[in-house]
Each structure stands twice: as structure tokens, then as C-alpha cells.
Amino acid sequence: MATMPVRRPGSPSKKSRNTAAREESRAGWIAVSPWIIGFLVLTLLPMGWSFYLAFTSYDVLSPPEWVGGRNFTNVFTNDPIFWKSVRNTFIYALMYVPIHLCTSFGIALLLHQATKGQSAFRTLMYLPAMTPAVATSYVWLSILNPNDGWVNRALRSLNLPAPLWTVDPAWTKPTIVLTSIWVLGGAMVIFLAALQGVPKDLYEAAKLDGANAWQRMWAVTIPILSPVILFNLTVSTIASLGVFTQGFIIFDSRGGPENSALFIMMYLYRRGFENFQMGYASAVAWVLFVIIVSVTILQFVLSRRYVHYDQA
Amino acid sequence: MAFSQQSILSQSTVSKVREPETTNRNNGRRNAAIQAILLYGLLSALAALFMAPFAWLILSSLKPSSEVFSGNLLPTEPTLDNYRNVFTYAPVLRWLGNTLLVTVLSVILVVCSSVVVAYGFARLRFRGRGVLFAVLLASYMLPGAVTMIPTFLIWNELGLVGTFFPLFLGNIFGSSFYIFMLRQFFISLPQDLIDAGRLDGAGYFRILVGILLPLLRPAIVAIAVFEFQAKWDDFLIPLIYLNQRSDFTLSLGLASFKADFDMDWGLLMAASVLMTIPMIILFFAAQKLFIQGLSASTGIKG
């Protein structure tokens, strides 16, 4: 205290800058603290606990019983249905994500061109996204009815083959894909909003360089929109790995003919909430964690090469 | 800049190519007309394709169940019986009340907490912010499959399975997806607003509530619509946590129709229409701000 330097006029700022920074830092920690607590309580704690439970047998009613690595051995050597659900989910994601992205991007491009009536068309194509998933599932379950549904009536009247959508194991996943593609409105409005933010002079410049519409899309639109494309890619990938409602309503928790529409979440639901095998289900969840996190990291490493971030 | 460049350029082209101008312009006009016809034709076809299942839903809800799969597109004798039956066969108003309770509480909680957290991440400098934000993004990628069962076990330990709490209380901690979106929006606001507030002696939370909050309206509407829709829609979480038929949400109740009324299609369709109507009203009411909020929150600007 005694050796406190005499404050020179003109530099009062260092100390007050420090207190200001400390105050800002404290406000920052307080602001983000709800999320930190939530992360600890609703993510880390459950994960830690499920890691322990993965080595137990636990039916919720009686206390967990330690079984060592038996659950994991069973997952890997004795549970073809689980691996089928993983395979189903990834096949579904590989069909759904690209079709979903291309369709919603394509429709957004068309809407962006339409200066008149844009909001009317946008609303019409967004409406399915407002329909609750259970209702959507009922609609498509009836439209795709193999005998009397309108899709097959139309296909037959055109003399085209009419697939047994909900009955043939080869067609159950496309059935769910169709149901999910119908509700592409969210991705579409995000693409459309992004398209409207692309600076016009870039197109003018490309036009002057003699680029046609197709070249302008690849040279201007797609690079500029790449962060938004990655955003929609991530959101739709996460959604597709969590697919549940459509499969559960259109089929049931068993996932349709030959388990062909049994997805990961449905499998976990069956194990955990129909058979009450919480220990085993926890082991399955951890195996899934490793699989899905590896896929996500791979996706990011690959996409990093193509995504362009504006410096501004 | 771009504008002046362009006008200079077009002047020079005009003086160079005088004669073929008119034919060029006619050609261009015809091309534009063809393009417009193609564009609007394609859009109309797509809109029709997207509306067709919707039309089917509404038409079927007006038919007796025996007629739904008959091959008539239009009901021979339109009836509102299905709608009447929905209310007599099931405690639909009760389910509506349950759903509204859960949905409204979820929206209020998630908006308040996500705004505050996003403000911290976007506008307040503190040590460890970058790392924490990376963790937040990573936690968003965490598949629901991993946390579903352990989270259920925690609510079970708390004795709250079978109540509405697990359906909305987690929102008090914010949601990583909305925090991410709001952060983008916060970043696009000018720093001067905050600096001016500081000079006036306002604390950081005064600045948030007094100065920034009004500007956030579009983003808040966007996430409120998202969350409203998510909770209105949600099927898996109510399925896991609610047991009593009288406690069901609309999603769960609608799903139970399939088994309880042996695929009474007219009834299913009428109930589906009823459950969709509030969402459509919400969309039309919020549309303008919703779209504004989305465009500012998805990261293309700022």
C-alpha cells in the first residue's frame, strides 16, 4: 500500500481498465452459468452414470448389479438386432440427408428467383413443416397404403410398378425418407434467407466475366453459402440419427417387416422402456456414442476443406 | 463502386453496338418471359405436390371412415362427425391443456436462459470463453440416443417420472442450438450500443435488458416459434415420461388413437387436422419476424 506508485495524470486507465475487465469477466461467467450447470447436470452427470450402469444389470426396480464387461461382449457378439438398427439408421441417413439438402436448396433457389409471389409460395411449401410428426406419419401411412393409397393408385394408372411401401422390407426406409422430405421447410427458409444475403455485385462481376447461370451457382452461390450448407448438413444429420416418431407411428417399436425400419432410437426405447434393461441399454448408448462421434468428426474434417468463411 | 463501374461499362457497350440493340432486347424479353413461365410453372407444380398430402388430410377428415380408402377423392357427403367424435372419444381438451402448459413454460424458460447465455458468449469477454463455446457446440452434436436413458434415470431418482417436469424443466439451462443462433444475432449488433451504455454507467445486465433486448425481437420470435413447434410436436419424451392417459400431450394422445380406435381413419385425420391448426395460426402470426430472425441468426451476415 505504501509503495503504491504515484498516479501520473493521463494514465488513470490501467487500474480502471483492470477492474472493468474483471467486472466484465464476472458478468460473463454469471451469464453463461445456466448453461454450465445444465451441461454438468443434464449431460456430464447422466453420461458418467450411464458409463457405470453399462457394467451392470439394472431393471430400475432393484439396485444395479455389477456384471463387468458382459454387456459389451453381448453388444458385439450376440446382438444382431442392434447392429441391424445401426445399419438401418445409417442407410436412412445416407438417403435422407443428401435428398433433403438438394431438394431444399433447389426449392430455395427457385423461390429466390421468383420476385413476385415469393412469400405465398414460401408459405405453401413451409406448411408441411408445421404439421406435427405424428399427424405427418398418419398422412403418409394412408397415402402410401400399398393397395388403396393414392400414390399407388397413381402409379398403377400410369402402368408403373407400385411398390409395397409399408410391407416390403426393401421399401420401408424409402417410406420414412418420403415422410421426412415432405417437411423440408425449415432448411428451405434458412437457405432462402442466406441466398438473399449474397452480395449482388458478386453476381454482376461473374456475369461480366462471362459466367453462365450454372457457373455462377458453383463459383459464387455455393462457396458463399457453404457455412449455411454445413449448418443444414449438421442439423439434418443429427435429426436423421435421432429418427424415431415416423418409424414408431408408421410401424411400431419393432420397426416393421423384418426389423427393416428399426432405427437406433427405437431399439434403445425397446431395450430401456419395454424390457427395462437399463444396464444393457447404457452399454449400447456408449457404443453408439463412439460410432456417432467418429462419424461427426469425420464429417467435420472433410467439410472443413470446402467451407468458406467470410473474413468480415 | 460496383454500380459506377457497371454504368461506365454499359455506356461503352451502348455506343459500340447501336444497331442490334433492339433485336437483342426483344430476344432478351422473350427469354425472360420463357424463363418466368418455366419458373412459375415449376414452382406451382412443386407447391401442388407439397399441398397434395395436406389436401388429402383435410378431405379425408370430412369422410366417414369407410370412405377414406374408397378411391373417391372428394367426400360424397361431407360430414363433421369425425370432429365431433374426436372430442367425445378422448379427453382432447385436457390433452390440449397439458400440451399448452408444457409448451408455454418451455418457450418462456428456454428464451430467457438462452438469451442470457448467448449474451455472455457473444458480448462479454472472459477467460475460457472459447473453450466453453467449443464444448457447447460439441454438446449439441451429442446424439440424443446417448443421454436419453441416463437422463430418464435421473428424473426417476428424483421421483418426477409421470409428472410434466421432465418435459420442460431442463429448458431452464438454455439450449445449445438456440444459444448458437442467438450468439450469431448478438454478434451482428454494433459494439457502440454496449460502449455507450457503459459510459452511462449501466451494468452489463442493464444493457442487455434495456438496450439490446428490443433489438433481439426477430431472433427471439424465431427461437420461440422453433421451441413451440418442437414441444407441440414432441412424441418420444412424453412417451417415455407420461403414463396416465389423462396426462397425455396431444402428440401422445393422437398416437394412442391408432391402437385405441382400430385405425378409424376419419377420426385420425380429423384429430390430425385439429392438432395442426394452432401451428399454422402461429406461423402466420409470427411469419415476418420469424423469417427476419432466421436470416440474421444463421450466420450468413456478421
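Small disclaimer: the values here were computed from a predicted structure and weren't measured.

Regarding the overall build of chain B
- On a plain count of helices and strands, chain B comes out with 14 helices and zero strands.
- For chain B, the succession of helices and strands along the chain, N to C, is α-α-α-α-α-α-α-α-α-α-α-α-α-α.
- Here chain B, with 302 residues, has 39% of them falling under the buried criterion.
- Of the contacts formed within chain B by residues at least 6 apart in sequence, a portion of 77% connects residues at least 24 apart.

Observations concerning the overall build of chain A
- If you tally the helices and strands in chain A, you get 13 helices and two strands.
- The C-alpha radius of gyration of chain A comes to 27 Å, more than 25% above the 20 Å expected for a compact globule of 312 residues.
- Judged by the C-alpha coordinates and their principal axes, chain A covers about 90 × 70 × 30 Å.

Some words on unusual backbone geometry
Residue and element names in this part refer to chain A.
- In this structure, Asn159 is a non-glycine residue whose phi angle is positive, near 60°.
- Within the element layout of this structure, Asn159 appears in the loop between helix 6 (150-157) and helix 7 (172-181).
- Here Asn159 falls in the exposed class, since 7 other C-beta atoms lie within 10 Å of it.
- In this model, Phe276 sits at a positive phi of 55°, which is unusual for a non-glycine residue.

With respect to the interface of chain B and chain A
- If you look at the interface, chain B gives 78 residues, while chain A gives 75 residues.
- Considering every element that reaches the side of chain B that touches chain A, the biggest residue donor is helix 2 (residues 21-61) of chain B, with 13 residues.
- Of the residues in the side of chain B that touches chain A, the class split is 53 nonpolar, 19 polar and six charged.

Here's the deal with the packing of helix 4 (residues 92-123) of chain B against helix 8 (residues 176-187) of chain B
All names here are of chain B.
- Where helix 4 meets helix 8, the closest approach of the two axes is 8 Å, and the angle between their N-to-C directions is 50°. In this view, helix 4 runs oblique relative to helix 8, as classed from their interaxial angle. Handedness of the helix 4/helix 8 crossing: right-handed. Of helix 8, the residues touching helix 4 (which contributes Val110, Ser114, Val115, Val117, Ala118, Tyr119, Phe121, Ala122 and Arg123) are Tyr178, Ile179, Leu182, Arg183, Phe186 and Ile187.
- Residues that form the contact of helix 4 with helix 8 fall into these classes: twelve nonpolar, one polar and two charged.

Some remarks on helix 8 of chain B
- With twelve residues, helix 8 of chain B ought to run about 16 Å at 1.5 Å a step, and its terminal C-alpha atoms sit 16 Å apart, in line with that.
- Most of helix 8 of chain B is tucked away: nine of the twelve residues are buried.

Observations regarding the environment of A:Ala170
All names here are of chain A.
- Mapped onto the elements, Ala170 comes out in the loop between helix 6 and helix 7.
- Residue classification places Ala170 among the exposed positions, given that 11 C-beta atoms sit within 10 Å.
- With 146 residues separating them along the chain, Ala170 and Glu24 place their C-alpha atoms 59 Å apart.

Quick word on the confidence of the model for chain A
Residue and element names in this part refer to chain A.
- For chain A, the average pLDDT comes to 89, and 94% of its residues sit at 70 or higher.
- Within chain A, helix 9 (residues 200-208) has the poorest average pLDDT of any element, 87, and helix 2 (residues 70-77) the best, 96.
- Every residue in residues 1-12 scores below 50 in pLDDT, and together they form one contact with partners more than four places removed in sequence or on other chains.

Observations concerning helix 13 (residues 250-260) of chain B
- Residues of helix 13 of chain B that are buried: B:Leu250, B:Ser251, B:Leu252, B:Gly253, B:Leu254, B:Ala255 and B:Phe257.
- Phi for B:Asp262, located one or two positions after helix 13 of chain B, is positive at around 45°.

Regarding the nonpolar core
- A:Met188, A:Phe191, A:Leu268, B:Leu182 and B:Ile223 are the most contacted members of the largest nonpolar core, which totals 154 residues.
- Every residue in contact with A:Phe191, bar those within four places of it in the chain, is listed here: A:Ser104, A:Phe105, A:Ala108, A:Val228 and A:Asn232.

Re the confidence of the model for chain B
- Averaged over every residue, the pLDDT of chain B is 86; the share at 70 or more is 90%.
- Confidence over residues 1-19 of chain B falls short of pLDDT 50; this stretch has three contacts with residues more than four positions distant or in other chains.

Digging into the environment of B:Gln191
- Mapped onto the secondary structure, B:Gln191 falls in helix 9 (residues 191-199).
- For the pair B:Gln191 and B:Arg123, spaced 68 residues apart in the sequence, the C-alpha separation amounts to 8.4 Å.

Looking at the environment of A:Pro34
- Note on placement: A:Pro34 falls in helix 1 (residues 13-53).
- For A:Pro34, a count of 20 C-beta atoms within 10 Å translates into the label buried.

Conventions and cut-offs
Residues numbered from 1 in each chain as written. Chains lettered and ligands numbered in written order. Predicted model: local features only at pLDDT ≥ 70, side-chain atom pairs only at ≥ 80, totals over all residues. Helix = DSSP H or I, 4+ residues; strand = E, 2+ residues; numbered from the N terminus. Buried ≥ 20, exposed ≤ 12 C-beta atoms within 10 Å, placed from the backbone. Contact = placed C-beta atoms within 7 Å. Rg over C-alpha atoms; globule rule 2.2 N^0.38 Å. Nonpolar A, V, L, I, M, F, W, Y, C, P; charged D, E, K, R; others polar. Axes fitted to C-alpha atoms, helices over the stretch in contact; angles between N-to-C directions. Parallel < 35°, antiparallel > 145°, perpendicular 65-115°, else oblique. Left-handed = near helix turned anticlockwise from the far one by under 90°. Expected span 1.5 Å × (residues − 1). pLDDT = per-residue confidence, 0-100. Core = buried A, V, L, I, M, F, W, Y, C linked by C-beta atoms within 7 Å.

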